[in-house]
Amino acid sequence: MPKLTINGTEVTVDAGKTVLQACEQIGIEIPRFCYHDRLQIAGNCRMCLVEMEKSPKPIASCAMPVNEGMVIRTNTAKVKKARNGVMEFLLINHPLDCPICDQGGECDLQDQAMAYGLDRSRYTEHKRAVPDKDLGPLVETHMTRCIHCTRCIRFATDIAGVEELGTMGRGEHMEIGTYVEKALTSELSGNMIDLCPVGALNSKPYAYTARTWELVRTETIDVHDALGSNINVNARGREVMRVLPRLNEDINEEWISDKTRFAYDGLRRGRLDQPYVRKNGKLAPATWKEALSATAGAITGAGGGSIAAIAGDLACVESMTALKDLFDQLGSPHRDCRQDGAQLDPSVRAGYLFNTTIAGIEESDVCLLIGTNPRWEAALVNARLRKRYLRGGFRVFSIGPRLDLTFPVETLGAGPETLEAIAAGGHPFVETLSAAKRPMMILGQGALARADGSAILAAAWRIAVTCRLVRDGWNGFNVLHIAAARVGGLDIGFVPGKGGLDVSGMLDGASSGKTQVVYLLGADEIDVRRLGSAFVIYQGHHGDAGANRADVILPGAAYTEKSALYVNTEGRVQQTKRVVFPPGEAREDWSIVRALSEAIGARLPYDNLAELRQRIERAHPHLAERGVAPGAPWSSFGHEGRMDQAPFRSPIDDFYMTNAICRASETMAACSALYVGSTAGKTGTHG
Amino acid sequence: MSAPAAAPFAFTPANVEQANAIVAKYPQGKQQSALLPLLDLAQRQNDGWLPRAAMDHVAAFLGLAPIRVYEVATFYTMYNLRPIGRHHVQVCTTTPCWLRGSDQVLDACKKRLGVDVGETTPDGKFTLSEVECLAACVNAPVAWIGDDFYEDIDGASMTRILDDLAAGKQPKPGPQVKRQTSAPVSGAKTLKDA
């Protein structure tokens, strides 16, 4: 470990670190624009100049590896003068339009110009102007502001894995662009906005809507996929203005997907802001009292055996627990949280978790994807797989549709026959998987949400056992969920009780008239036409498919409007926080169920959120610990059976349209029309 | 700044052979090093300029993302991204050539061709460009046409060269005055003479 002296202080750092990192280690801040922890080093902005003994000129500390006996100075007059000069050059062509720039107030250039810049410009010649580029509906460009740090290029090339951005021309005429005008085809493109140290890349939907200092920031989590990415929701008054990522090395590092970032405008549109009751075939506005008594009447009229409940993809643990408790009291075993019909085995927790953990992907050396397209189902899992691939010595195989995941994937087959061959041990891939040091398997909902899902789960279990995916300190068996609610629902047992019907059974029952009342807890992704003549109660926040069919609508709160628990695909329990209040008459979901229980006369035994959480933690102690993924004991799951030979397909046909919030979002609609509408069936990412 | 659209492009069989020979000069896994010569080959095949189709073809040939090829092609001024005349007349106007009369050379070109710098004659035969130092200062002023340098030129000799090219003749490259390559103009001077 080299030892060096920085400003007279001796410091020992790991070999291979840079001078800039060594300075950071002892708390010396070095100004920078192009350097970023997670990107490759470029060394082109020159802002991080420091003095090094025996070097005739200042060195770029971000690109200089540490060496034994180096003597570095960061606080001399020479360093200050050098940085002053660099800043003056950077500002030569910068428009200094901070008052109308969205980056103003959170701009690296603005901040560092305060610290290292001159108080006036000596430049009197013409400034250059650069035409703006059209990078699609998410990223707005003001290329005249660009200082050519190339962070966006490095992000696109390395992390997003789409080589589409580059530097065109040279010298005075250099521009960042795509050469051929096109929208960025990445699910992570929004992160470039965060990376851009100036106002060159801005958020298009957020453009000119707020200034950063007006915003109230709330740290919460995302529910658009099953990862529970950590986010910071910025609101002004009663409106969510934007969504930014928050650092969590275990889940999303410092990135978020474009859906997480840009679907927030869906929170303002198509909202259910008051109760409705269907009268003479038409939904009519009603008071809470009317809506609850109509609901209570229908439920008590039908009786325990003929009422059923389906929890949707965005339901929180609290509301599902309350609804389950209510159904238990009413004597109905018919409840299910797997609205896509996934044949998951709720009795073995390890059988439905992403056991390796997302960060654990980085230790793996062979990965088998079964019926999943991680790029669309969990964009940040795909980013981790790519990160692992870039380090080398990592092979990815797939059973399912051909995929463009931004790294090479070897397709072994299309469907269950290949899976069966591997499970039976006759396939040459068995050797590859068994010989791997840290093999992993990712089982997607595309393989499980089908009639033979249980048999497929059993075959996957057999592969996990024969190829020793589970060994000391390593569990390579993973189920990748796409719904934020799913693991929480399975954890608390929101699945059919003894003799209970699953989702397809309930829909059959509703069609035939056997199931008289169906309670949809935010369930929109079911075939509502099969609800027949059943009395449908919809509790949720958006006027989507479920609300359209409903006889009573109980308006609930979206994920930014309540404090609620979600369990991510790794089994990590996290909590959302209330950023804004639910609109109009809408209420937090658990309290709606609690109020309904009172109307029915089967009062639930908790009066506030704290008591409900105590009840959850008592019944399911593993939900008491927040933010960790301790895993679960391994045992056998799935039921051997005949497998249908139909090929696997990803459950997501359109990355931008997966839940009621996205479907209400204009930004997501624009993305869907641009990316999915025009590229369907061409890129291979389309299931 | 995207290039004009053009017909599809592919290397001719002879050029494929040559391209493979160029790629083979580089170690296994470093094929992208052949990018510069391959772009030159493509440009020669395509009447002196590189349409997007040609850049895409080279990208596919080397297994590179197209953007990496666009970056290189836009960086170097010797790749022409727009159609160009049959003869590309590049007159050096950097200090040594300028001191030796490059202004007269450039004026002669403008007069003879009837176009300004950066323009192509209506018949498509000539494109006139002004370039920076061609590294032949010892024979200044210099003009570069096709693969040849024309050295020690003045207005009259430049006009003659252009006349010859227009007539389909190949003017003699090198010094246009009585001089052997870069040897002194005033006759042989060696250490022996001194």
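Source: prediction; values computed, not measured. (Residues numbered from 1 in each chain as written. Chains lettered and ligands numbered in written order. Predicted model: local features only at pLDDT ≥ 70, side-chain atom pairs only at ≥ 80, totals over all residues. Heavy atoms only, no water.)

## Points about the overall build of chain B
- Within chain B, the secondary structure is distributed over seven helices and five strands.
- A burial count over chain B gives 43% of its 194 residues as buried.
- Restricting the contact set of chain B to residue pairs at least 6 apart, pairs at least 24 apart contribute 60%.
- Summing over all exposed atoms, chain B offers an accessible surface of approximately 10,700 Å²; the carbon and sulfur share of this is 55%. (Helix = DSSP H or I, 4+ residues; strand = E, 2+ residues; numbered from the N terminus. Buried < 20%, exposed > 50% of the residue type's maximum accessible area, 1.4 Å probe, protein only. Contact = heavy atoms within 4.5 Å. Areas by Shrake-Rupley, 256 points an atom, 1.4 Å probe, with all protein chains shown as cover.)

## Digging into the overall build of chain A
- Tallying secondary structure elements over chain A gives 21 helices and 28 strands in all.
- Against the 2.2 N^0.38 benchmark of 26 Å for 687 residues, chain A shows a C-alpha radius of gyration of 27 Å, consistent with a compact globule.
- Seen through its C-alpha atoms, chain A measures out along the principal axes to roughly 85 × 60 × 50 Å.
- Classification of the 687 residues of chain A by burial places 61% in the buried group.
- Across chain A, contacts joining residues at least 24 apart in sequence account for 70% of those joining residues at least 6 apart.
- Accessible surface, chain A as shown: approximately 26,100 Å² in total, 51% of it carbon and sulfur.
- For chain A, the centre of its 77 positive side-chain charges and the centre of its 81 negative side-chain charges are spaced 2 Å apart. (Rg over C-alpha atoms; globule rule 2.2 N^0.38 Å. Lys, Arg positive; Asp, Glu negative; His and termini not counted. Charge placed at Lys NZ, Arg CZ, Asp CG, Glu CD.)

## Notes on unusual backbone geometry
- With omega at -5°, the peptide bond leading from Ala140 of chain B into Pro141 of chain B counts as cis.
- Non-glycine residue Thr150 of chain A carries a positive phi angle of around 65°.
- Relative to the assigned elements, Thr150 of chain A resides in the loop between strand E6 (139–141) and helix H4 (151–160).
- Here the phi dihedral of Glu253 of chain A falls at roughly 50°; this positive angle occurs in a residue that is not glycine.
- Since its relative accessible area comes to 6%, Glu253 of chain A is described here as buried.

## A word on the pairing of strand E25 (residues 535–540) of chain A
Residues and elements named next belong to chain A.
- With five of six residues buried, E25 lies mostly within the body of the structure.
- Pairing geometry for strand E24 (residues 517–521) and E25, over five bridges, is parallel. Looking at the pairing, Tyr519 lines up with Ile537 of E25.
- In the sheet, E25 pairs with strand E26 (residues 552–555) via four bridges, with the strands oriented parallel. By the bridge assignment for E26, Gly540 is matched with Pro555. (Pairing = 2+ DSSP bridges.)

## Some details on the interface of chain A and chain B
- Tallying the contact residues gives 15 residues for chain A and 15 residues for chain B.
- Between chain A and chain B lies a buried interface of about 1,300 Å² when both sides are counted; carbon and sulfur atoms form 59% of it.
- The largest per-residue losses of area from chain A upon contact with chain B belong to Glu163, Arg170 and Tyr179 of chain A, which jointly make up 54% of the total buried on that side.
- The closest approach of N and O atoms between Arg68 of chain B and Glu163 of chain A, which form a salt bridge, is 2.4 Å.
- Counting every contact that joins chain A to chain B gives six residue pairs in polar contact (both at pLDDT 80 or more).
- Elements supplying a minimum of two residues to the side of chain A that touches chain B: H4, strand E7 (166–168) and strand E8 (175–177) of chain A.
- In terms of residue count, E7 of chain A provides more of the side of chain A that touches chain B than any other element does, three residues in total.
- Its residues assigned to classes, the side of chain A that touches chain B comprises five nonpolar, six polar and four charged. (Buried area = accessible area lost by both parts, 1.4 Å probe. Salt bridge = Lys/Arg side-chain N within 4 Å of Asp/Glu carboxyl O. Polar contact = N/O pair within 3.5 Å; in protein donor to acceptor, adjacent residues only side chain to side chain. Nonpolar A, V, L, I, M, F, W, Y, C, P; charged D, E, K, R; others polar.)

## Digging into the sheet that holds E24 of chain A
All names here are of chain A.
- Taken together, the seven strands give an open sheet; going across it, the order is E14-E13-E26-E25-E24-E15-E16, and neighbouring strands pair in mixed fashion. Whereas interior strands pair on both sides, the edge strands pair on one side only; in this sheet they are strand E14 (282–285) and strand E16 (335–336).
- Taken together, the four bridges between strand E13 (residues 276–279) and E14 define a ladder with antiparallel strand orientation. Bridged to Tyr276 within E14 is Pro285.
- Here helix H8 (residues 317–330) sits on the sheet and contacts strand E15 (307–311), E16 and E24; the angle it forms with E15, its principal contact strand, is near 170°.
- On the sheet, helix H16 (residues 503–512) packs against E15, E16 and E24 and is oriented at approximately 135° with respect to E15. (Axes fitted to C-alpha atoms, helices over the stretch in contact; angles between N-to-C directions.)

## Observations regarding the packing of aromatic side chains
- In this structure the tally under the stated criterion is 15 aromatic pairs over all chains.
- Seen from their ring centres, Phe9 of chain B and Phe11 of chain B are 5.8 Å apart, and the 75° between their planes marks the pair as edge-to-face.
- A relative accessible area of 6% means that Phe11 of chain B is categorised as buried.
- Pairwise contacts between aromatic rings join Trp376, Phe655, Tyr656 and Tyr675 of chain A into one cluster.
- Sitting over the ring of Phe75 of chain B, Arg170 of chain A keeps its end group 4.7 Å from the ring centre.
- In this structure, Lys259 of chain A is placed above the aromatic ring of Phe655 of chain A, and the distance from its NZ or CZ to the ring centre is 4.5 Å. (Phe/Tyr/Trp six-rings, centres within 6.5 Å; stacked < 30°, edge-to-face > 60°. Lys NZ or Arg CZ within 6 Å of the ring centre and 35° of its normal.)

## A look at the sheet that holds strand E1 (residues 87–92) of chain B
All names here are of chain B.
- Pairing within the open sheet is mixed, and its five strands lie in the order E2-E1-E3-E4-E5. Looking at strand neighbours, the two that pair on one side only are strand E2 (126–131) and strand E5 (174–175), the edges of this open sheet.
- In this fold helix H6 (residues 102–113) packs onto E1 and E2, with an angle of close to 160° to the strand it touches most, E2.

## Comments concerning the pairing of strand E1 (residues 3–6) of chain A
Residues and elements named next belong to chain A.
- Side-chain alternation along E1 places Leu4 and Ile6 on a buried face and Lys3 and Thr5 on a face that remains uncovered.
- Linking two consecutive strands that pair antiparallel, namely E1 and strand E2 (residues 9–12), is a turn of two residues; a positive phi of about 50° is found at Asn7 within it.
- Note: E1 against strand E5 (residues 71–73), two bridges, orientation parallel. Counterpart to Ile6 in the pairing with E5 is Ile72.

## Concerning empty space enclosed by the protein
Residues and elements named next belong to chain A.
- Summed over the entire model, instances satisfying the criterion amount to five cavities of 30 Å³ or more.
- The volume enclosed by the largest cavity comes to roughly 140 Å³.
- Taken together, 18 residues form the lining of the largest cavity, with Leu314, Ala315, Leu521, Gly522 and His541 sitting closest to its centre.
- Sorting elements by how many residues they give to the lining of the largest cavity places E25 first, with three residues.
- Put simply, the second largest cavity is a space of about 90 Å³. (1 Å grid on protein atoms, 1.4 Å probe; cavity = no way out; pocket = protein on both sides within 12 Å on 5 of 7 lines; lining within 4 Å. Points joined across faces, edges and corners; volume = space filled by probe spheres on them.)

## Considering the pattern of salt bridges
- Under the criterion given, the structure shown has 61 salt bridges over all chains.
- Where Arg73 of chain A meets Glu53 of chain A, a salt bridge forms, and the shortest distance between an N and an O atom there is 3.3 Å. One end of the pair, Arg73 of chain A, is in strand E5; the other, Glu53 of chain A, is in the loop between strand E3 (49–52) and strand E4 (59–60), with 20 residues separating them in the sequence.
- Look at Arg73 of chain A and you get partly exposed, because its relative accessible area is 33%.
- For Asp147 of chain B, the salt bridge goes to Arg44 of chain B, with nearest N and O atoms at 3.0 Å. Placement of Asp147 of chain B in the loop between strand E3 (143–145) and strand E4 (148–151) and of Arg44 of chain B in helix H2 (residues 35–45) is noted, with a sequence separation of 103 residues between them.
- Assessed through its relative accessible area of 56%, Asp147 of chain B is described here as exposed.
- Three or more residues are tied together by salt bridges with common partners; here these are Arg38, Glu249, Glu253, Glu254, Glu362, Arg384 and Lys387 of chain A.

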